[in-house]
Amino acid sequence: MSAIPAARSARPSARLALVTATAALTAMTAAACSTSSPSKTGDTTATGNGSGKTIQVVAAENFWGSIASQLGGSHVKVTSIINNPDADPHDYEPTAADARTVAGAQYTIVNGIGYDAWADKLLAANPGSGRTQLKVGDLVGIKPGGNPHRWYSPDDVHRVIEKITADYKKTDPADAAYFDQQKKTFETKTLADYNKLVADIKAKYKGTPIGASESIVTPLSDGLGLKMLTPETFLDAMSEGSDPTAKDKATIDQQIKNKKIKVYVYNSQNSTPDVQAQVKEAKAQGIPVATVTETLTPAGASFQQWQTTQLQAIERALAKATGK
């Protein structure tokens, strides 16, 4: 699989109808993604006296920032640099304000795997004393050139949760018990619906063949036990903003025409003419279509709200397609 470049000019920067739908929420994004208040990000409400320390956390993307904020509760202040559905994490250009924010960070979270190379440059240009950094790709063992969309892998999400909690405890040992309670609440209560949907879909629809618009769907498909039929070369091309081959497009056309796929899942934030044509044809053939997005949608949603809504839509599509 080819590495994802830092800038992908071929990929549409406009978010089509999604931008209009979320524009009204843009103003609330910073508050929703940078606050550490449990009421803003989930129901992690453990309390404790502890040290009274607040860890300054910066996440390159808001899907990791949402998780980090909920795990840290009142003992962290999380700022997510990518916090707007109209921003493309692949080719984002950091601002002077981003540099100042990163310079004061005690803990940073970047996705890695070539997804947010700008974040590495930003961190290198703004070193901080004693800063701890989590690079998700390194944590889960995916090297540059691999699929970077690890927040769509349920297993990797839980590995990130473990690591963030461990890092918080090292940074602020006096509040270790608090962070343990935050993690327990987040995993058993906050993510209860998310975990149940993942388990239920896997148990009921394992092996069901699906098609997709790009590689963002692959980790989720793997986590749900679904069978991805779309050629990997097409998925990668669409994610990287390059032109898919005529052979791959013909293969997908036949898969849709012959109903070899039961459901088609596409990223509505990267809906090219090729993808739009596939969506149209899938609907014409009676194949249910479900959508996902690359970043939190709407802008003020928490990780679990966002993912649960998408999983519910995929579950409905699978039920319609299979009659189960």
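Note that the structure is predicted; figures quoted are calculated from it, not measured. (Residues numbered from 1 in each chain as written. Predicted model: local features only at pLDDT ≥ 70, side-chain atom pairs only at ≥ 80, totals over all residues. Heavy atoms only, no water.)

Caption draft 1: Seen up close, the sheet that holds strand S1 (residues 55–61). With parallel pairing, the 4 strands of this open sheet are ordered in space as S2-S1-S3-S4. Edge positions in the open sheet fall to strand S2 (76–82) and strand S4 (132–135), since each of these has one partner strand only. Within this sheet the neighbouring strands show an average axis-to-axis angle of 15 degrees, counted without direction. Inspection of the sheet shows S1 paired to strand S3 (residues 107–110) by 3 bridges, in the parallel sense. Directly across from Val58, in S3, lies its bridge partner Thr108. (Pairing = 2+ DSSP bridges. Helix = DSSP H or I, 4+ residues; strand = E, 2+ residues; numbered from the N terminus. Axes fitted to C-alpha atoms, helices over the stretch in contact; angles between N-to-C directions.)

Caption draft 2: Spatial organisation of the confidence of the model for the protein chain. When the pLDDT values of the protein chain are averaged, the result is 87; 85% of them are 70 or greater. Low pLDDT, under 50, characterises residues 1–48; the predicted model gives this stretch 112 contacts beyond four residues in sequence or across chains. (pLDDT = per-residue confidence, 0-100. Contact = heavy atoms within 4.5 Å.)

Caption draft 3: Main features of empty space enclosed by the protein. Scanning the model with the defined rule gives 3 cavities of 30 Å³ or more in all. In terms of lining residues, the largest cavity is bounded by Val58, Ala59, Ala60, Ile81, Val102, Thr108, Ile109, Val110, Trp118, Ala119, Leu122 and Leu123. Among the elements of the structure, S1, S3 and helix H6 (117–125) are those that each provide at least two residues to the lining of the largest cavity. Counted by class, the lining of the largest cavity contains 11 nonpolar, 1 polar and no charged residues. (1 Å grid on protein atoms, 1.4 Å probe; cavity = no way out; pocket = protein on both sides within 12 Å on 5 of 7 lines; lining within 4 Å. Points joined across faces, edges and corners; volume = space filled by probe spheres on them. Nonpolar A, V, L, I, M, F, W, Y, C, P; charged D, E, K, R; others polar.)

Caption draft 4: Examining the packing of aromatic side chains more closely. Enumeration over the complete set of coordinates arrives at 12 aromatic pairs. Taken together, the ring pairs in this structure connect Phe63, Trp64, Tyr115, Trp151, Tyr152, Tyr194, Phe303 and Trp306 into an aromatic cluster. (Phe/Tyr/Trp six-rings, centres within 6.5 Å; stacked < 30°, edge-to-face > 60°.)

Caption draft 5: Spotlight on the pairing of strand S7 (residues 263–267). With 5 of 5 residues buried, S7 lies mostly within the body of the structure. Residues Val263, Val265 and Asn267 of S7 are buried on one face, and the alternating residues Tyr264 and Tyr266, pointing to the opposite face, are buried as well. Pairing analysis gives 3 bridges linking strand S5 (residues 209–212) to S7, with the strands arranged parallel. Each bridged residue has a counterpart across the sheet, and for Ile210 the counterpart in S7 is Val263. Here S7 runs beside strand S8 (residues 289–292); their pairing, made up of 4 bridges, is parallel. Counterpart to Tyr264 in the pairing with S8 is Val289. You can see the chain leave S7, run along helix H14 (residues 273–284) and come back into S8, and the turn it takes is right-handed. (Buried < 20%, exposed > 50% of the residue type's maximum accessible area, 1.4 Å probe, protein only. Right-handed = clockwise from strand over helix to strand, strands pointing away.)

Caption draft 6: A look at the environment of Asp86. Tracing the backbone shows Asp86 in the loop between S2 and helix H5 (96–103). On the basis of relative accessible area, Asp86 is assigned to the partly exposed category, the value being 37%.

Caption draft 7: The arrangement of the pattern of salt bridges in detail. In the structure shown here, the tally under the stated rule is 8 salt bridges. With a shortest N-O distance of 3.1 Å, Glu162 and Lys183 are connected by a salt bridge. You can see Glu162 sitting in helix H8 (residues 154–171) and its partner Lys183 sitting in helix H9 (residues 176–190), a full 21 residues away along the chain. Residue classification places Glu162 among the partly exposed positions, given a relative accessible area of 43%. (Salt bridge = Lys/Arg side-chain N within 4 Å of Asp/Glu carboxyl O.)

Caption draft 8: Molecular detail of the packing of helix H4 (residues 62–72) against helix H15 (residues 303–322). At a minimum axis separation of 8 Å, H4 and H15 run at an interaxial angle of 125 degrees. Regarding the angle of H4 to H15, the classification is oblique. On H15, the residues that touch Phe63, Ser66, Ile67 and Gln70 of H4 are Phe303, Gln304 and Trp306. A class-by-class count of the residues in the contact of H4 with H15 yields 4 nonpolar, 3 polar and no charged. (Parallel < 35°, antiparallel > 145°, perpendicular 65-115°, else oblique.)

Caption draft 9: Summary view of the nonpolar core. Ile67, Ile109, Trp151, Ile164, Tyr168 and Phe303 are the most contacted members of the largest nonpolar core, which totals 52 residues. In terms of residues, this core owes the most to one element, H15, which gives 6 residues. By size, the runner-up hydrophobic cluster in this structure holds 13 residues, among which are Val58, Ala60, Ile82 and Leu123. (Core = buried A, V, L, I, M, F, W, Y, C linked by side-chain atoms within 4.5 Å.)

Caption draft 10: Spatial organisation of unusual backbone geometry. Along the chain, Thr297 connects to Pro298 via a cis peptide bond; the corresponding omega equals 0 degrees. Among the secondary structure elements, Pro298 is positioned in the loop between S8 and H15. Phi at Ile113 takes a positive value of approximately 60 degrees, unusual for a residue other than glycine. Ile113 sits in the buried class, given a relative accessible area of 4%. We note that Lys259 has phi near 55 degrees; this positive angle belongs to a residue other than glycine. Relative to the helices and strands, Lys259 resides in the loop between helix H13 (246–257) and S7. On the basis of relative accessible area, Lys259 is assigned to the partly exposed category, the value being 46%.

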